[in-house]
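# Summary of the model geometry
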Amino acid sequence: RLEHRYLRLDGSEIDVEVAVRPFRQQGRIAFMTVAREITQRKRAERQMRSLLEASPVGVAVINSQGGLLFSNPAFSTLFEHDQDQSGAQFADFLAQPGQFDDIKQHLMKHDELHNQELDLKRTSGTPFCALVTAKRLPFEEIPAYFLWIVDISEQKSIRQRLSHLAHYDELTELPNRRLFLDHTK
């Protein structure tokens, strides 16, 4: 398959996909060529890529082995990752070894993962907690997984602090009546 952009006689551009297949006819090799206009599809792909690039949420596309096929600027910022770095593996960003295999098995069975809280790490090794949503979708005609990643480290820290304040005296750090009542129930 070959995709190419052509100019029409009126000067407008058109995207065309051309597929050539060999076949035998009366003992001779012949070629069947099929061309189809894909301008609308290419326009939709460009619009989708623009949306992904502008998203404030970290977005990545990985292949079935975990290789990074695409990442948006928010992903690069989140992981302190060079967007042009090739050969990166999503497993490199997981805080626990073997975690990718568990995620992959879940995705193979269910095709998607919703708001899974995962411990991740930046390129520098700094850990953080994130909500990860994933969906199996084709990307450039190959099986892939789209990932949406939101850093929730600050929210988690605030939640823990609020829980501590609810059960301990702020000045003395001694357990308060609420903690005592919770334990007596």
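Quick caveat: nothing in here was measured; it's all calculated off a predicted structure.

A tally of regular secondary structure across the chain gives five helices and eight strands. Put simply, the chain runs from its N terminus to its C terminus through helices and strands in the order β-β-β-α-β-β-α-α-β-β-β-α-α. Taking 2.2 N^0.38 as the reference for a compact globule, 185 residues should give roughly 16 Å; the C-alpha atoms of the chain span a radius of gyration of 25 Å, well beyond that estimate. Per-residue burial for the chain yields a buried fraction of 30% across its 185 residues. For the chain, the share of sequence-separated contacts (at least 6 apart) that also reach a separation of at least 24 residues comes to 33%. Taken together, the 24 basic and 26 acidic charged side chains of the chain have centroids lying 7 Å from each other.

Attention now goes to the packing of aromatic side chains. Scanning the model with the defined rule gives seven aromatic pairs in all. A centroid spacing of 4.5 Å and a plane angle of 40 degrees characterise the contact between F75 and F79, whose relative ring orientation is tilted. With a gap of four residues between them, F75 and F79 both fall in helix α2 (residues 73-79), about one helical turn apart. Both residues of the pair, F75 and F79, count as buried. Counting every residue linked through ring pairs, the aromatic cluster contains F70, F139, F146 and W148. In this arrangement the basic side chain of R122 is found over the ring face of F128, its NZ or CZ atom lying 4.2 Å from the centre.

This part takes up the sheet that holds strand β2 (residues 13-25). In spatial order, the strands read β1-β2-β3; together these three strands make up an open sheet with antiparallel pairing. Edge positions in the sheet fall to β1 (2-7) and β3 (28-37), since each of these pairs with one other strand and no more. Strand-to-strand, the axes of this sheet are offset by a mean angle of 35 degrees, without reference to chain direction. Sheet topology places β1 next to β2; six bridges connect them, and they run antiparallel.

Now for the pattern of salt bridges. Summed over all chains, the structure comprises 13 salt bridges. In this structure, K42 engages E3 in a salt bridge whose closest nitrogen and oxygen atoms are separated by 2.8 Å. A residue pair is termed long-range when its members are at least 10 positions apart, and K42 in helix α1 (residues 39-54) and E3 in strand β1 qualify at 39 residues. E3 sits in the partly exposed class, given a relative accessible area of 33%. Two residues, E17 and R41, come together in a salt bridge whose shortest N-O distance is 3.9 Å. With E17 in strand β2 and R41 in helix α1, this pair connects stretches of sequence that are 24 residues apart. Assessed through its relative accessible area of 4%, E17 is described here as buried.

With that out of the way, let us pick up the side chain of T39. Following the sequence through the fold, T39 ends up in helix α1. The buried category is assigned to T39, whose relative accessible area is 10%. A distance of 2.9 Å separates a polar side-chain atom of T39 from the backbone nitrogen of D15. Among the polar contacts made by the side chain of T39, one reaches the side chain of E37 at a distance of 2.7 Å. Among all residues touching T39, those that are not within four sequence positions of it are I14 and D15.

Rules behind the numbers
- Residues numbered from 1 in each chain as written.
- Predicted model: local features only at pLDDT ≥ 70, side-chain atom pairs only at ≥ 80, totals over all residues.
- Heavy atoms only, no water.
- Helix = DSSP H or I, 4+ residues; strand = E, 2+ residues; numbered from the N terminus.
- Rg over C-alpha atoms; globule rule 2.2 N^0.38 Å.
- Buried < 20%, exposed > 50% of the residue type's maximum accessible area, 1.4 Å probe, protein only.
- Contact = heavy atoms within 4.5 Å.
- Lys, Arg positive; Asp, Glu negative; His and termini not counted.
- Charge placed at Lys NZ, Arg CZ, Asp CG, Glu CD.
- Phe/Tyr/Trp six-rings, centres within 6.5 Å; stacked < 30°, edge-to-face > 60°.
- Lys NZ or Arg CZ within 6 Å of the ring centre and 35° of its normal.
- Pairing = 2+ DSSP bridges.
- Axes fitted to C-alpha atoms, helices over the stretch in contact; angles between N-to-C directions.
- Salt bridge = Lys/Arg side-chain N within 4 Å of Asp/Glu carboxyl O.
- Polar contact = N/O pair within 3.5 Å; in protein donor to acceptor, adjacent residues only side chain to side chain.

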